[in-house]
Each structure stands twice: as structure tokens, then as C-alpha cells.
Amino acid sequence: MSPLCTATTTPPGETVGPLVRGLAVLRELAAADGRRSLSDLVRATGLARSTVDRVAGTLAHSGYVRVEGRDAVLAPRLMELGNAYLSSCRLPDLLGPAADGLADGLDESVSIAVPDPDGVRFVHQAPRRRAMSLTFRIGDLLPAERCAPGALFATGWSESEWEHWRHRRTPDARFRALPHGDGEGAESFAPRTAAARERGWSVDDQLIEPGLIAIAMPVRDATGRQVCAISVVSHTSRHSVRSLRERALPRLRETVAAAQDILAAPAPQDAPRPEALPPALSAPAPKQEAGVRFVESLARGLAVLTAFGAGRAQLPLTAVAEATGLARATARRALLTLRHLGYVAQEDTLFRLTPRVLELGFAHLSGLTLPEIARPHLVELVERVHDSASMAVLTGDEIQYVARVPTVRVMSVDITPGTRFPAYATSLGRVLLAGLPGEERAARLAGKELRPLTRHTVTSADRLAGLLDRIGHAGYALVDEELEEGLRSLAVPVRDRKGHVVAALNVSMHASRRTAENARRELLPALRETAARVEADLHAAGRYARIRTV
Ligand code: PHB
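The structure displayed is predicted, hence computed values, not measured ones.

**Student:** Is there a simple way to think about the site of the ligand in this case?
**Tutor:** Taken together, Ser 111, Phe 122, Gln 125, Phe 136, Cys 147, Ala 148, Pro 149, Asp 204, Leu 212, Ala 214, Ser 231 and Val 233 form the complete shell of residues around the ligand. At a separation of 3.3 Å, an oxygen atom of the ligand approaches a polar side-chain atom of Gln 125. For the ligand, an oxygen atom lies 2.8 Å from a polar atom in the backbone of Ala 148. Summarising the interface, the protein chains cover 100% of the accessible area of the ligand, which totals 280 Å² for the free molecule. For the shell around the ligand, a count of residues per class yields 8 nonpolar, 3 polar and 1 charged.

Dropping the structure here:
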């Protein structure tokens, strides 16, 4: 089957209604950039209010959505679904490093995109941050006629795929936000496709955005099928189309040749082991969640998506049933529903995920920063412990606050995101310093004067070094009145997927509120749980997207 034709007709009796409705709610949330009131969702989906409540409750139970007051908000854990597609298609893992190398060599943005029934979808981005340029996010969809990869993919279209494209060219809600609106570039699409076929590369001369130019080449698998396209993206302030072509095309050709070799290489004997599978859903599901009935068939249907992954790209029904702990008949109905909606494709007896899975909030969530990911967890922590909580990162030998949820003010200075303090005298700073490799820690503190900020501040470099070693082992720092008299704080690290400390969380309080020992006993477990939740979100979000810490 052509990669562009994935949605197929399934007899209505076979589709799982709650799964269809749950996916509709997720799509509406994604289209609204991640947040929408429940009553808006009722209007947008045409579903009954009670249905939207049940769907939102179920998605919240799965950790895919948060319900904040009247709003439903997409949660980073939802990226598990897109991660399942990206790891099963292997393109970012296999070709990402080559794309990154090309971006470094040319000092221009480079992206990898795949064909999607609705257009062109990005699966990897190696952006160069520049004032003038807009870059798309992983999961973003562009109309085929409005970007360089589209003309390449269209060279392989059948007449029915052209028909599908012409039909799609009625206004589409997903593209309305694009500069120029929907409908640009359509007349020139067929000739640009013909030119792309002849030359083997294609150009975007400001089709999507004034000033934005791109050149793209297809990457083919061993059978000659175009699996993706690599684009070099620049701006008219730096290049004309001609100068971009002259500069980028030779290296782009080399990168594509290397990419094709990588794809043609036989999969290594020790192919990636199946990833941790989702918890089997065979255990009885909670029927009552926050007063809302839990819709088991929705949760099960979404679990089917996460059965796929690295080394599990194409699965027979039996494997999906086994991985999810679902009965064969249940897994089959979920797969047929997902196939009907275009999230799963089937060849013979094997099922695989399609790039459309990325439509489920991936682009929006991949743009979240670490403070944005952490904030809801800090709010929960503050509700639990009734003291202020903060997140900070290390810049030089200072900490910089990136998120703060206050209760009452206990410091004489007002701390807002952006506030800096010397790292050596704060719990956040000590955790961050303790997380550095020994040499880097020494370099940051070398020659640093440890000024006494209160009469308790540790000012001896040797004593500080000993404290940092102990903090590294213990996994937390308690600092008593060293930054300001009367201020006590307790901090823990936040680690990325590789185990590097990228931020720290703390709770701070007036020293009279708890003894140091009570602070440790009462707050450390809650703080550690919060850090674990932030890390779980960060790890899901950071699997393929680059999550900024500030
Ligand atoms: C991008 O990666 O942002 C990109 C790629 C190709 C285009 C336009 C934008 O034609």
C-alpha cells in the first residue's frame, strides 16, 4: 500500500466509539495549542458534555491531559504516543546525527520530514536559532505544496493521491494559522513536482513564509522508495535561492548518500531490545476517577499505540495483544479503529504506526520548556506542603530562578523568574554544583570568593567541597540561613534522560516553621516525588525534542 493511503474503511460496527471520541478531543486540544475549556471542547467536537467529561477524566487518569479548573490541558506524557511512532520508524535515531552534522557544517537549520496523507510532517529538527527565522517543530504538518519536501514526495503520487490532494485543498483548520493562509502555491505545485523529478531536489522559495527559503533532497530506502526528505532551511537575509543551492547542495548530496547507506545497512544482529512495555491493562481499571466514570476502551485503545516502538515497528495482532495485556478481540477492534482513523497502517497481517500519530499534541508539547513542564508539579507540591517551591538552573557560578510558586513571602527580596543568587550559599546552587563532574565544579568555583552573606555562610572552599561531595551522595541539600537570616531551604536535583543534573527544585521556609530535622523528614519525600514527576515528563518530552531549560 502507498504510504499516503493509510485510512481505510472499517465497518461502523467494528470501531470503538470511545476511542474515536477520545482521539477527537485530543486533536481539538492540539489544534488549540494545548489548552481548551471543557465547554469549548463540547462545541468543537459536537459531543455531549457528559461524554467530554468522561473522556477528559480518562485522559487525565492516563496522565495524557490535566484538568485545571474548567480547562483541559495536554500533558507531556502524551508524547509517549508520538515517541512510539518516532522510535518505531527509526528515522530520527538513524539519520538525526547526520542531519545535525549537516546543520553544523553549513550553519543553517536542517530538518527531516516524512510524507503524511495530509502533507509533510517533520520528524527531526536541527535548528539554528536566528532572529528572523521561523522553524517548525517535530510533529508539525505543512501542506505539500507549501514546502520543499512536498514536491519531492509528490513525484511518487498516484492519480488517486493527486485527487486526494486536490480534495484536501479546501480550507483546512490545521493550516489556517499559516502565514498567507491556506491555498498558496497550488498552481505551481505540478510544475515544481515535475522539476523535482528531473533534478532530484526541490526548492521552497518563500512558499510558507516571506524570507524563508529551503532546498530539499529525498532519502530512499534499498527499494528506491522515498522514506523522508532532508531540507536545508535559510533566509533571504543570508542567501538567495541560488547561493543557498550552490552552498548547500553538494553537502546535502553527501548527507543523503550517507543516510541511504545507513538505511540500507542490515539491521544489527543485536537489534534494539523491545522497550519497556506499557503496564498491562489486564488489571481491573478504576471505575471511579474524580467522580467521573473511567472509559476503559479509550485507555486500552491508546495503550495499543504504545505497544509499538524500536524493534517493534511492525506487529501482528497477537504481539499487540500480548504487549498490552488485552484480549485479542479487544486489541483487534482498537487496531481497526486506529487504522480507520489513519493512525495505524496494515500490510498483510502486520500493523505499524503512521506519522499522523504526531498530530496528537506532539508539536505543541515539544515546544514546552522545562519550567513550563515543572510548573504544574510545583503547584501541587506547594498545595501539599504549604511552603514556596522554586526551580533554578546554573549559569556560571550563580543560580537563576526559572519557576517559582510562592505561598507567603519569607525572603526580604522578591524572587521572580530570572532572579540570580550565588550558587555556593543556596540549596538549589549546592545541588546543581554537586551534580557537575568534578573538574567542572572545581573550574566554576576556582578563585571564587565565598563571601559571608550571613553569619552562617560557609566561606571555606574546603568545607564547601566536602559539603558538595556529601550532597552528591545524599541527593539533597539543606541550607540553613546562609543566604539570608531566618531562611531555611531544602533542594533536590532534576536529571535528564542521560542522568545529567539539569535543574534543581527546592522548598523554602522561615526557619521558625520547622526544625532542620523536621524539614528533612516532612519535605524531602514530597520534594523527591515532585522531582520524579518532573523527570518522568522531561524524559517523555526530551526523547526526541530538545527541551529548553530556560
Ligand atoms: C523547516 O524545516 O522548517 C522547513 C523545511 C522545508 C521547508 C520549509 C521549512 O520548505
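Still more to cover.
**Student:** I would appreciate a short explanation of the environment of Pro 76 in the present structure.
**Tutor:** As for its placement among the helices and strands, Pro 76 is situated in the loop between strand S3 (71-74) and helix H4 (79-89). With a relative accessible area of 3%, Pro 76 lands in the buried category. In this structure, the C-alpha to C-alpha distance between Pro 76 and Val 65, residues 11 residues apart in sequence, is 8.3 Å. Filtering out sequence-adjacent residues up to four positions away, Pro 76 remains in contact with Arg 66, Leu 365, Leu 368, Ile 373, Asp 537 and Ala 540.

**Student:** For this particular structure, what's the right way to read the sheet that holds strand S19 (residues 487-495)?
**Tutor:** For sheets, the rule is that strands pair by backbone hydrogen bonds, running either parallel or antiparallel. In spatial order, the strands read S17-S16-S15-S20-S19-S18; together these 6 strands make up an open sheet with antiparallel pairing. Every interior strand has two partners, whereas the edge strands, strand S17 (420-422) and strand S18 (477-480), have only one. Each neighbouring strand pair of the sheet contributes to a mean axis angle of 30°, computed without reference to strand direction. Of the strand pairs in this sheet, strand S15 (residues 388-395) and strand S20 (residues 501-510) are connected by 5 bridges, and their pairing is antiparallel. Note on S20: the bridge partner recorded for Met 391 is Leu 505. Relative to S19, helix H18 (residues 516-541) is tilted by about 30°, and along the sheet it contacts S15, S18, S19 and S20.

**Student:** How do you make sense of the packing of aromatic side chains when you look at a structure like this?
**Tutor:** The geometry of an aromatic ring pair comes down to the distance between the two centres and the angle between the two planes. In this structure the tally under the stated criterion is 7 aromatic pairs. An angle of 75° between the planes, with centres 4.9 Å apart, marks the rings of Trp 157 and Trp 162 as edge-to-face. Aromatic side chains Trp 165 and Phe 189 sit 5.0 Å apart centroid to centroid with 40° between the ring planes, which places their arrangement in the tilted category. With Trp 165 in helix H7 (residues 159-168) and Phe 189 in helix H8 (residues 189-199), the pair connects residues that are 24 residues apart, well separated along the chain. Phe 189 shares its class with Trp 165; the two are buried. Cluster of aromatic residues (ring-pair linked, three or more members): Trp 157, Trp 162, Trp 165 and Phe 189.

The rules behind each value
- Residues numbered from 1 in each chain as written.
- Predicted model: local features only at pLDDT ≥ 70, side-chain atom pairs only at ≥ 80, totals over all residues.
- Heavy atoms only, no water.
- Near = heavy atom within 4 Å.
- Polar contact = N/O pair within 3.5 Å; in protein donor to acceptor, adjacent residues only side chain to side chain.
- Areas by Shrake-Rupley, 256 points an atom, 1.4 Å probe, with all protein chains shown as cover.
- Nonpolar A, V, L, I, M, F, W, Y, C, P; charged D, E, K, R; others polar.
- Helix = DSSP H or I, 4+ residues; strand = E, 2+ residues; numbered from the N terminus.
- Buried < 20%, exposed > 50% of the residue type's maximum accessible area, 1.4 Å probe, protein only.
- Contact = heavy atoms within 4.5 Å.
- Pairing = 2+ DSSP bridges.
- Axes fitted to C-alpha atoms, helices over the stretch in contact; angles between N-to-C directions.
- Phe/Tyr/Trp six-rings, centres within 6.5 Å; stacked < 30°, edge-to-face > 60°.

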